[in-house]
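The primary structure of each chain is shown beneath.
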Amino acid sequence: RIEYDPSCPLVGEVTNGDLEGGTGYGWDTSTSMGGIAETDVSGVGIGGSYGARLHIDAGCESASMWVPMSIPMTSTMSNPTLSFQGNLSSGETAALTIGDLPDIVLEGTGSYGDRRVCLPHHMAGAVYDVAWEAEYWGACGVAAGPLDLYVDNVRVLDDTTCVFASGMLDPGFEASTADDK
């Protein structure tokens, strides 16, 4: 007999991805040197709902939060995509990590926007953590930023614009920068 583990997300879902209820259930956080990570903040989500927040404002500070995501088989979702509403302080950067994929750099605009990440087919049929991380390097305690990252409505959806040619994550190298040599 197979028994359901309530700590695992249902197939094709993110545990408590809408962050409603004010409990932060299913999310984990980590901070150092005064960083703040909260997953049950009223009023910071879309339309004043609950959301998650990272905050740092001095050197050596860091904050991170993560939640499990279940990616369905491609037979039920042919173009799996991570979608979330995010608001990052203008001019700041934070990292998004999905399972064992390379970090994705998020760039702040100072306003909420729909962020989407196409998920490669080799990830289908498994559960991975989705993590957001912010940190300041430099002299410890010296004021910087501040950096605020707000996250809401985290989900997995089928996006027909997410198609991987030859199974490669970035076949045209559009995501590379001049420093990637």
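Residues numbered from 1 in each chain as written. Predicted model: local features only at pLDDT ≥ 70, side-chain atom pairs only at ≥ 80, totals over all residues. Heavy atoms only, no water.

1. Here's the deal with the pairing of strand S5 (residues 80-88)
Most of S5 sits out of view: nine of its nine residues are buried. Because side chains alternate across S5, one face comprises the buried residues Pro-80, Leu-82, Phe-84, Gly-86 and Leu-88, and the other comprises Thr-81, Ser-83, Gln-85 and Asn-87, equally buried. Bridging between S5 and strand S10 (residues 143-158) involves eight bridges; their strand directions are antiparallel. Bridging from a neighbouring strand, Gly-86 pairs with Val-151 of S10. (Buried < 20%, exposed > 50% of the residue type's maximum accessible area, 1.4 Å probe, protein only. Helix = DSSP H or I, 4+ residues; strand = E, 2+ residues; numbered from the N terminus. Pairing = 2+ DSSP bridges.)

2. Some thoughts on the packing of aromatic side chains
Tallied over the entire structure, the rule returns two aromatic pairs. With centroids separated by 5.6 Å and ring planes inclined at 20 degrees, the aromatic side chains of Trp-27 and Trp-132 adopt a geometry described as stacked. Taken together, the residues span a long stretch of sequence, with Trp-27 in the segment before strand S1 (28-32) and Trp-132 in strand S9 (residues 126-135) at a distance of 105 residues. With centroids separated by 5.4 Å and ring planes inclined at 80 degrees, the aromatic side chains of Phe-84 and Trp-132 adopt a geometry described as edge-to-face. With Phe-84 in strand S5 and Trp-132 in strand S9, this pair connects stretches of sequence that are 48 residues apart. Trp-132 matches Phe-84 in its accessibility class, with the two residues each being buried. By the ring-pair criterion, three or more aromatic residues cluster together here, those being Trp-27, Phe-84 and Trp-132. (Phe/Tyr/Trp six-rings, centres within 6.5 Å; stacked < 30°, edge-to-face > 60°.)

3. With respect to the pattern of salt bridges
Counting across every chain of the model gives five salt bridges. Between Glu-3 and Arg-1 there is a salt bridge; the shortest N-O distance is 3.4 Å. No difference in accessibility class separates Glu-3 from Arg-1, as the two residues are exposed. When salt bridges that share partners are traced, they join Glu-38, Arg-53 and Asp-148 into one network. (Salt bridge = Lys/Arg side-chain N within 4 Å of Asp/Glu carboxyl O.)

4. Overview of the sheet that holds S10
Strand order in the open sheet made by the five strands is S2-S3-S10-S5-S8, with antiparallel pairing throughout. Of all strands in the sheet, those with a lone pairing partner are strand S2 (36-41) and strand S8 (113-118), marking the two edges. Neighbouring strand axes in the sheet, compared pairwise and without regard to direction, differ in orientation by 25 degrees on average. Sheet topology note: the S2/strand S3 (residues 51-58) ladder contains four bridges and is antiparallel. Bridging across to S3, Glu-38 finds its partner in Arg-53. (Axes fitted to C-alpha atoms, helices over the stretch in contact; angles between N-to-C directions.)

Take it as geometry only, folks, not as evidence of what the structure does.
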